[in-house]
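If you want the building blocks of each chain, they are given just below.
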Amino acid sequence: MTTTAPEFTSLAARDDVHLPLTLTALSAISHGAGTSGNTQLLRTRDVIAPDGRRAAVPYVSGNSLRHTLRAALAWHLVRTLDVPDRSLAKRTVDLLWSGGALSTTGSQADLDLNRRVHQLLPGLGLLGYSAKSDITAGTLWVDDVELVCAENANRLPARLADHPHAALPNGALRTETFGTRHDTVTTAADRFIALAEDTLDSTIDTVQMIYDMQVIKPGATLYTGLHLATPTEGHVAAFYTALDEAAPKTDRRRLLNLGGKRSTGYGQCAVDTPTEVETTISVRRDAYEAHLVDNRTEVLELLDEVTR
């Protein structure tokens, strides 16, 4: 389905958007909070259980999920605009992938520049950014990703209040796993290792190490919410594009990766979204991409101006 792309020139606020998400862990989820020896600890927070007891319950920070959406939108922008390799300043790459940084001093906000960013680069306006001497807040609010468990039973949204996991202690939904950093000695690659000629000792110190990680178990259910506060048309279009990029739809479901160690198989989740969201994603993404393509030159010039 396609639609005529809006110009996104109006900054008039739309109604707020609230999108609840329910996730099912398809693989173990790792979200680090430092180490103890060789064990990477799982990030937890103290909560008060319904019976008054205090418990440390794992969660994934909303900031981590927000970064996933920002990175997805950045990759989408450079692909859609066919940005050549080695053509962007580092400050521009930092702006797109990590929100930028303050580079000058002063207290006078550039209102005209901010307005043009929201109009031409609604993805930046959606997530917020830092540039020159200004920190510009985004319109997207991201909740922490919480675990459905007994300790969180009094905090669960209504849709999950009767979930079977709401009766399980969080300890039943977490475990430890381990990995090994392999030594090249005793593999086919060891024939390339040089031995010192001035010693008869042919032994070599090993570099193999076993490490442990605390993780949330596969099959656990989690929940979060994405919220747009007084967004523009452009923010809404960028939001649904970011969701589509970060949680692409397969034949059966949408998949989203959470937490750390993603490159080694951790953090894959199935995302349950409301039915009406699928149609909205298609329409909004078409509009957002048409806007970027139609304004390619202006968008790239503005990206450079914001950080100059």
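It should be noted that the structure appears before, not after, this text.
Residues numbered from 1 in each chain as written. Predicted model: local features only at pLDDT ≥ 70, side-chain atom pairs only at ≥ 80, totals over all residues. Heavy atoms only, no water.

Asker: Even after reading the chapter, I still don't get the packing of helix α1 (residues 62-80) against helix α6 (residues 275-294), so can you show me in this structure?
Answerer: Geometrically, a packed helix pair is captured by the angle between its two axes and the distance between the axes. One way to put it is that α1 packs onto α6 with a least axis distance of 10 Å and a crossing angle of 55°. Classified by the angle between their axes, α1 and α6 sit oblique to one another. Remark: the crossing between α1 and α6 carries right-handed chirality. The segment α1 lies against α6, with Leu73, His76, Leu77, Arg79 and Thr80 engaging Arg285, Tyr288, Glu289, Leu292 and Val293. Each residue belonging to the contact of α1 with α6 can be placed in one class, and the counts come to five nonpolar, two polar and three charged. (Axes fitted to C-alpha atoms, helices over the stretch in contact; angles between N-to-C directions. Helix = DSSP H or I, 4+ residues; strand = E, 2+ residues; numbered from the N terminus. Parallel < 35°, antiparallel > 145°, perpendicular 65-115°, else oblique. Left-handed = near helix turned anticlockwise from the far one by under 90°. Contact = heavy atoms within 4.5 Å. Nonpolar A, V, L, I, M, F, W, Y, C, P; charged D, E, K, R; others polar.)

Asker: Whenever I open this one, the environment of alanine 270 confuses me. Can you help?
Answerer: Here alanine 270 is to be found in strand β14 (residues 268-272). C-alpha separation for the pair alanine 270 and leucine 255, spaced 15 residues apart in sequence, amounts to 4.7 Å. When residues no more than four places from it in sequence are discounted, the contact partners of alanine 270 are Thr22, Leu23, Thr24, Leu26, Arg253, Arg254 and Leu255.

Asker: For this particular structure, what's the right way to read the pairing of strand β1 (residues 17-25)?
Answerer: Each regular strand displays side chains that alternate between the two surfaces of the sheet. Pairing of β1 with strand β12 (residues 221-228), which is carried by eight bridges, proceeds in the antiparallel orientation. Bridge pairing in β12 places threonine 22 opposite tyrosine 223. Pairing analysis gives four bridges linking β1 to β14, with the strands arranged antiparallel. Along β14, the bridge assignment pairs threonine 24 with alanine 270. (Pairing = 2+ DSSP bridges.)

Asker: Explain the nonpolar core to me, please; I cannot follow it from the model alone.
Answerer: Generally speaking, soluble globular proteins have nonpolar side chains that are buried together. One finds Leu140, Leu226 and Phe239 to be the most contacted residues of the largest nonpolar core, which totals 65 residues. If we ignore the near neighbours within four places in the chain, the residues touching leucine 226 are Val17, His18, Leu19, Leu21, Leu65, Leu69, Leu140, Trp141, Val142, Phe239 and Leu243. (Core = buried A, V, L, I, M, F, W, Y, C linked by side-chain atoms within 4.5 Å. Buried < 20%, exposed > 50% of the residue type's maximum accessible area, 1.4 Å probe, protein only.)

Asker: I tried to follow the pattern of salt bridges on my own but got confused; where do I start?
Answerer: Opposite charge on two side chains permits pairing when their charged atoms draw close. One pass over the structure, following the stated rule, counts 17 salt bridges. For aspartate 51, the salt bridge is made with arginine 53, and the minimal N-O distance between the two is 2.7 Å. Neither residue differs from the other here; aspartate 51 and arginine 53 are each classed as exposed. A salt bridge links glutamate 245 to arginine 285, with the nearest nitrogen and oxygen atoms 2.6 Å apart. Here glutamate 245, found in helix α5 (residues 233-246), pairs with arginine 285, found in helix α6; they are 40 residues apart in sequence, far enough to count as distant. For the residue pair glutamate 245 and arginine 285, the accessibility class agrees, reading buried in each case. (Salt bridge = Lys/Arg side-chain N within 4 Å of Asp/Glu carboxyl O.)

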